[in-house]
Amino acid sequence: MIGGLFVYNHKGEVLISRVYRDDIGRNAVDAFRVNVIHARQQVRSPVNMIARTSFFHVKRSNIWLCAVSKKNLNAALVFQFLYKMLEVMGSYFGKINEENIKNNFVLIYELLDELLDYGYPQNTDTGVLKTFITQQGVKSQTKEETTKITNQVTGQIAWRREGIKYRRNELFLDVVESVNLLMSPQGQVLSAHVSGRVLMKSYLSGMPECKFGINDKVIVESRRAADSSSAAGATKSGHIAIDDCQFHQCVKLSKFDTEHAISFIPPDGEFELMRYRNTKDISLPFRVIPLVREIGRTKMEVKVVVKSNFKAVTKVEVRIPTPLNTSGVQVICMKGKARYKASDNAIVWKIKRMGGMKEWQLSAEIDLLNATDKAKKWTRPPISMNFEVPFAASGFKVRYLKVFESKLNYSDHDVIKWVRYIGKSGLYETRC
Amino acid sequence: SPKMQGVAASVSESLGNIRPWLQKVTTQAKTTDSKYFTTTRKGEIFELKAELNSERKDKRKEAVKKVIASMTVGKDVSTLFPDVVNCMQADNLELKKLVYLYLMNYAKTQPDKAIMAVNTFVRDCEDPNPLIRALAVRTIGCIRVDEITAYLCDPLRKCLKDEDPYVRKTAAVCVAKLHDIDPLLVEEQGFLDALKELLADSNPMVVANAVAAITEISDSAQTDTAADMLCWSGQLINKLLTALNECTEWGQVFILDAVANYTPTENNEAQNMIERVSPRLAHANAAVVLSAVKVIMKLLEMLDPNSDFVVSTIKKLSAPLVTLLSSEPEIQYVALRNINLIVQKRPDILKQELKVFFVKYNDPIYVKLEKLDILIRLTSAANIANVLAELKEYATEVDVDFVRKAVRAIGRCAIKVESAAERCVSTLLDLIQTKVNYVVQEAIVVIKDIFRKYPNKYESVIGTLCENLDTLDEPEARASMIWIIGEYAERIDNADELLESFLEGFADEQTAVQLQLLTSVVKLFLKRPTDTQELVQQALSLATQEADNPDLRDRGYIYWRLLSTDPAAAKQVVLAEKPLISEETDLLEPNLLDELICHIGSLASVYHKPPAAFVDGRGGGQVAKATKGLPSRLAAEAGGAAAAAAGAGGGDFGAGTGAPGRPAVSVIPTQESLIGDLLDIDMSGGATAAAAMAAASASTNQQPVDLLGEGLDSLLGGPAPSATSPVPPSGASAAAGGSGADSLADIFGGLGGGVGGGLGGGGGFDPPMETWLPAQKGKGLQIEGRFLRRGPQLSMELRLRNNAMQQLNGFAVQFNKNSFGLAPAQPLAMNPLAPQQSVTTLLPLNTKGPVQKMDPLLTLQVAVKNNIDIFYFACLIPMYALFTEEGDMDKRVFLSTWKDIPPENETQFNLGSYAHDADTASTMLRSFNVFTIAKRSVESTDMLYQCVKLTNGILVLAELKIVPQTNAYTLSLKSRHVEIYPGVHEAYLAVLKG
């Protein structure tokens, strides 16, 4: 398992160094700095072997987080853990940067002691960690309290404590989809997929058992088959075919596998209940039609048409890349504001209120410096779009979320529920 | 939203207490802690010392923080050890944790002082607060000081049975820590039993940590009992799979990784396990998903591939794998490396998912390169249009490595899908027109392969290629271009001029280019002999007289001799039809692939290397570890017997079935580098090169195929044997000459005629079989063997095992020249070998083969051929196998011979002590043809005078002195050939040890 964990700043100075295993020496800290952070040629893999020691790293802004091992350990687990650690640190002290890490180094050491034992990840749930890693010391706690903590940390439902009470039981569901598209200049969809997340904020008392229903074809059909009485009812259309979904650890996976039922006892507060992916019948909110013409060596003409395919008003941004040797740009657009941003090598076109089912055009003339260095050819990066629309492009619908808490006296009807759909642009690109 | 914060604020009281506190702490910290990272000042250590001993608690705490910060940035603060340890008794948990952190770092360097901490540890292990008990047991296991370890056992035993699960889960891991320090102690103290009991614990995290500890310990178990004890049973696995539902995500990974080490005994069990593991495929944690995939991939091997269950399970795997590609880039990378393996093992799984491997503009380069690799593996006639359009796009990107790979990929598409070849070629031509230097070079390299695959089809593009001659500065591209010129010399009018221009800078070229240039000039000469004689002369003399590189010289001589003796034969050899190049490249060798499938998710699967290649073996581990392998299919009517067989063959956890670490036999480098480039068939097409050569030589002289000739000879650095023994033009290359034809050609002469008999036969001492060719190197064929002498007959006993998926047949064996002229006396009689079958056969040997002194002397290089390939390995002939029955001689002859050999040739060896007396020793040695000529006793010391005659007539005289009581044996050897002493010495040792 993980032999040691190091945190560096961008200069390669060590901010945190925790060694878990005897086979990792102090020189490992330097080996990573010399061979990866200060490497003459940028390292091209997140896993590197240096002198038979493997180094896994992720980088967040200017901070390098690095795990080391000399064993054949589970690589997927290492990266999952590193990301989890970033998440835990983030929820304790906010942004991951040098300043915050230095200021909280004692806390980080305390966390590292708890998150990993001999390099094996232990409980990494932020909510639970916060019940006992507070930098307070526990001397003041009573025996009951500590037992509660330890049961919680190691327990079956390690993500929720007992005895939570709310005056008002309330829950929020956000269906956040990121729409990804790669389109050819001719308008052919090369690949498109939606990766969706269902985020839940739960403020529920006790240990509530939740049942979640969505309009996935497989789930709906199997539910109906199981429940033959309602099978007589009219078959509703509008089911979608989810390619794959993944759940938070609170969801009973075996139950999902056998009965296609999503049931769980939620953590308190905010968490990601579910992630899904969909590739079929995606309603693409926008289409971009590019036309690029190179006129000689010093001039280019670009025409871009954006079409919206839905009924709502939203804000959109289109980024049209320009060559590195651009010397000047003249833009004309029918709607919104477009500006050439030299620092980004792009024309940024913002439309504050893009109406539904509309079509807008931008045209630009780009002046180029006479390129002397032929090798530095412009590679025509794709035109990308940023947007947020108030619907789920995959057609994903929440059918119900039922809450059962048998021990306390509130029922499903008493719970206030909010559902919201957001479609965001992921990588929404059109080649030109 | 403000509303929600309001709700959060009104949360229950306990939580309410903590959060404001937390806020306070972090904000307070903000103003203070980063100052500890300032650089060292003079006298800082002294100041710290004073602060650590301060009366005030808060001051001490601040001081410890400073110490830890200094430690982090690499300053040596070990001198503060006693002062820090003094702070340990504080009742502040935060401070305690910091002190423990310090102890873990420095205890090893100050063991005597670390003892001071023991009492506190022991006391803390009994603290009423379970968090403190756990902290103590967690820390104490990390302090690797023997004196402390001894104190650890009792508290650990208590903690393993603690009422609090938090303490128990920590204690479970502590057993693994202790095992790393002192494995025997753990076994003696019965901690393994205690650990096993924890598997039945009611708390899921305790179970998960116990599983992790057991997995780790069993990987480095010291004794067989320990390994056996930690072996998973079906019942246990069943329990673990139940616990899976309740564990944290990490615990699930530990359990799945342990389950992957278990091989079930029945089909039903395997199917049941798959059913229970597959829900994990929907877990949000990529490690859980990949470990579940690993278990399923392994178990699928046991089931009928055509059953509905297997088909539907395979279907289930694809979506989760694709989903992994929407994770963070580093996790995508791990997933892609694994998908690369999975696609090779089961191409069907992701057949339909081509598009998810399309490269995104913003993907990190490591993701791009991996996606491209998989894209090509999934390419087929059905999707080639899409792939090609993508590749064309990629070829215009900026990253040089990526662009090169994309260009190469276009070439691979052409070779893989014939219908698309034309489109690929025109795409490549477009790319060449871009004149981007590295794109052009890469394109030329792949076009060479396309010419190979589709001869006489795309030669029209040669003109375009020749235009770019001047821009080629990379050896591979130059070599490829030269190959093309040589290959199509008859169609390129100025081929001679082009080659001549290359020849001008011959000395400055890299070897690969030089070799290619030589071959191409010879090709040109054979095609247009009239006007290129001068050119070929020039090339040959450059190669033979001015080059330092032995390969180049050898190739030069071979061509020279071929051309000077029999130009027709030369034509048939050099211009022979080339074997087809394979469609798939970079495929992993099947055995390695299977092993890696068992390591899905781990580093091995990322590196595509077996763990042994990058993990240091633990010095102490005495129980041999089997490399992991996939289980084989069970018979449908799996009864008890079949089950047992599967258990043995399945690389079961802990039950080492593989070969333990014998000294590795040296394996001659693969034939690609040997035979392949002589004919310059291809850099990659070596496997089939031999066949081409066979075809060429068969047509010239109806002789059977010579397996080894060129291959081994070029390795040894001597010129190839040639049947007619011509006069070498320069006279420099005499050496080997004529031995070739008679020695090796007759090997396949007498086909049929089984070896039969031979096997069995009693008497003497049979050494254990050694692995000569591991299955990994033999593409599934594993060879073990040993040398036996039955009376006058020396033989080689071979056990061949087929670990590949297909039948192996067409076996033949050949020896290289060796010190004693050992050669097979008859061909190897082998029936086809079915998968998983193993056969033992006896190959009688004679000593009539060609002789060449080897280093080490007793090395024997062997080539074995089958329908797959030719494999080379080397083994050591035991010297006693060469002792003949003609060793007896008259006493007087012995005496005079002894005197004749100069005294400086005499060497003495201490053989150690043995229980046998002189007579027994004499009898034992006699059965190995060591003849006792005389015996003498001087002051009760026995002296045996012995003689040995080797197969090649070398005489070895020996004086064996046996001192009574101590029974110490001393051997003095005398022979004219001192280089055989070590072998004879070894032989004596082997015989006397029995």
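Nothing here was measured: the structure is a model prediction, and the numbers come from that model. In every chain, residue numbers begin from 1 and rise along the written sequence. Throughout, the order in which chains and ligands are written sets their labels, letters from A for the former and numbers from 1 for the latter. Reporting in this predicted model follows two pLDDT cut-offs: at least 70 for local features of residues, and 80 or more for side-chain atom pairs to be given and counted; totals over whole chains, interfaces and linings ignore these cut-offs and use all residues. In computing side-chain values, all of the structure's heavy atoms are included and hydrogens and water are not.

**Student:** Explain the packing of aromatic side chains here, please?
**Tutor:** Each pair of aromatic rings is reported with the distance of its centres and the angle of its planes. Residue and element names in this part refer to chain A. Side-chain rings of Phe, Tyr and Trp (the six-membered ring for Trp) are treated as a pair once their centres are within 6.5 Å; stacked means planes under 30 degrees apart, edge-to-face means over 60, and tilted covers the remaining angles. Summed over all chains, the structure comprises 32 aromatic pairs over all chains. Where F105 meets Y109, the ring centres are 6.3 Å apart and the plane angle is 85°; that geometry is what we call edge-to-face. One end of the pair, F105, and the other, Y109, are both in helix α4 (residues 105-115), four residues apart, so they sit about a helical turn from each other. Relative accessible area decides the class of each residue, using a 1.4 Å probe on protein chains only: under 20% of the type maximum gives buried, over 50% gives exposed, and in between gives partly exposed. Take F105: its relative accessible area is 0%, and that puts it in the buried class. The interplanar angle of 90° and the centroid separation of 5.3 Å between the aromatic rings of F286 and F310 together place this pair among those described as edge-to-face. The numbering of helices and of strands both runs from the N terminus, where a helix is a DSSP run of H or I of at least 4 residues and a strand a run of E of at least 2.

**Student:** In this structure, what is going on with the nonpolar core? I would like to understand it.
**Tutor:** Where a protein is soluble and globular, its nonpolar side chains tend to be buried together. Among buried residues, the Ala, Val, Leu, Ile, Met, Phe, Trp, Tyr and Cys ones that are joined through side-chain atoms within 4.5 Å form a nonpolar core. With 289 residues, the main nonpolar core has A:F56, B:Y102, B:L156, B:W232 and B:F451 as its most contacted residues. Per-element tally for this core: the top contributor is helix α2 (residues 75-93) of chain A, with 14 residues. Once you skip the residues sitting within four places of it in the chain, B:L156 turns out to touch B:V137, B:A171, B:C174, B:V175, B:L178 and B:F191. In terms of nonpolar packing, the next biggest core, distinct from the first, is built from 61 residues, B:C875, B:L882, B:I962 and B:Y969 among them. When checking whether two residues touch, look at their non-hydrogen atoms; a contact exists if any pair is within 4.5 Å.

**Student:** I'm lost on the packing of α2(A) against helix α21 (residues 329-345) of chain B in this one. Help?
**Tutor:** Two numbers describe a pair of packed helices, the interaxial angle and the distance between the axes. With axes taken as lines fitted to C-alpha atoms, and helix axes fitted only over the stretch in contact, angles between N-to-C directions fall between 0 and 180 degrees. Between α2(A) and α21(B), the shortest axis-to-axis distance is 9 Å and the interhelical angle comes to 170°. As far as their axial angle goes, α21(B) and α2(A) are roughly antiparallel. Residue-level contacts link A:A75, A:A76, A:F79, A:Q80 and A:Y83 of α2(A) to B:P329, B:E330, B:I331 and B:V334 of α21(B). For classification purposes, an angle smaller than 35 degrees is called roughly parallel, one larger than 145 roughly antiparallel, one from 65 to 115 roughly perpendicular, and anything else oblique.

**Student:** Help me out: how do you make sense of the interface of chain B and chain A in this one?
**Tutor:** How big an interface is tends to be stated in terms of accessible area lost as the parts join. Counting from both sides, the interface comprises 122 residues of chain B and, opposite them, 105 residues of chain A. Accessible area, probed at 1.4 Å, shrinks when two parts are joined; the buried area is that loss added up over both. Here chain B packs against chain A, burying approximately 10,300 Å² in sum over the two surfaces, 57% of which is carbon and sulfur. Criterion for a salt bridge: a side-chain nitrogen of Lys or Arg within 4 Å of a carboxyl oxygen of Asp or Glu. Our enumeration of links across chain B and chain A arrives at 11 salt bridges. Among the salt bridges present, the one from A:R44 reaches B:D401, with a minimum N-O distance of 2.5 Å. Any N or O atom pair separated by 3.5 Å or less is treated as a polar contact, with the protein-specific requirement of one donor-capable and one acceptor-capable atom, and with residues adjacent in sequence counted only for side-chain atom pairs. In this assembly, chain B and chain A are joined by 42 residue pairs in polar contact (both at pLDDT 80 or more). Counting residues per element, the side of chain B that touches chain A draws most heavily on helix α2 (residues 13-32) of chain B, at 10 residues. Think of it as three bins: nonpolar holds Ala, Val, Leu, Ile, Met, Phe, Trp, Tyr, Cys and Pro, charged holds Asp, Glu, Lys and Arg, and polar takes everything else, Gly as well. Residue composition of the side of chain B that touches chain A, grouped by class: 64 nonpolar, 25 polar and 33 charged.

**Student:** Can you walk me through the side chain of B:R138 in this structure?
**Tutor:** Mapped onto the fold, B:R138 is located in helix α9 (residues 130-140). Polar side-chain contacts of B:R138 include one of 3.2 Å to the side chain of A:D113.

**Student:** Looking at this structure, I do not really get helix α23 (residues 384-394) of chain B. What am I missing?
**Tutor:** Spacing of three or four residues puts side chains on the same side of an α-helix, whose turn is 3.6 residues. Along α23(B), the residues classified as buried are B:I384, B:V387, B:L388, B:E390, B:L391 and B:Y394. Around the axis of α23(B), the buried residues are gathered within 160° of arc, so they sit on the same side. Residues of α23(B) that are buried sit in contact with β9 (189-203) of chain A together with α22 (365-377), α24 (400-416) and α25 (421-433) of chain B. Our arc is simply the arc of the directions from the helix axis toward the C-beta atoms.

**Student:** In this structure, what is going on with α24(B)? I would like to understand it.
**Tutor:** Residues and elements named next belong to chain B. Look at α24: 24 Å from first C-alpha to last across 17 residues, which is about the 24 Å you get at 1.5 Å a residue. Considered for burial, the residues of α24 that qualify are F402, V403, A406, V407, A409, I410, G411, R412, C413, A414, I415 and K416. Its side-chain oxygen 3.1 Å from the backbone nitrogen of D401, D399 forms the N-cap of α24. By this rule, a helix spans an expected 1.5 Å times one less than how many residues it contains.

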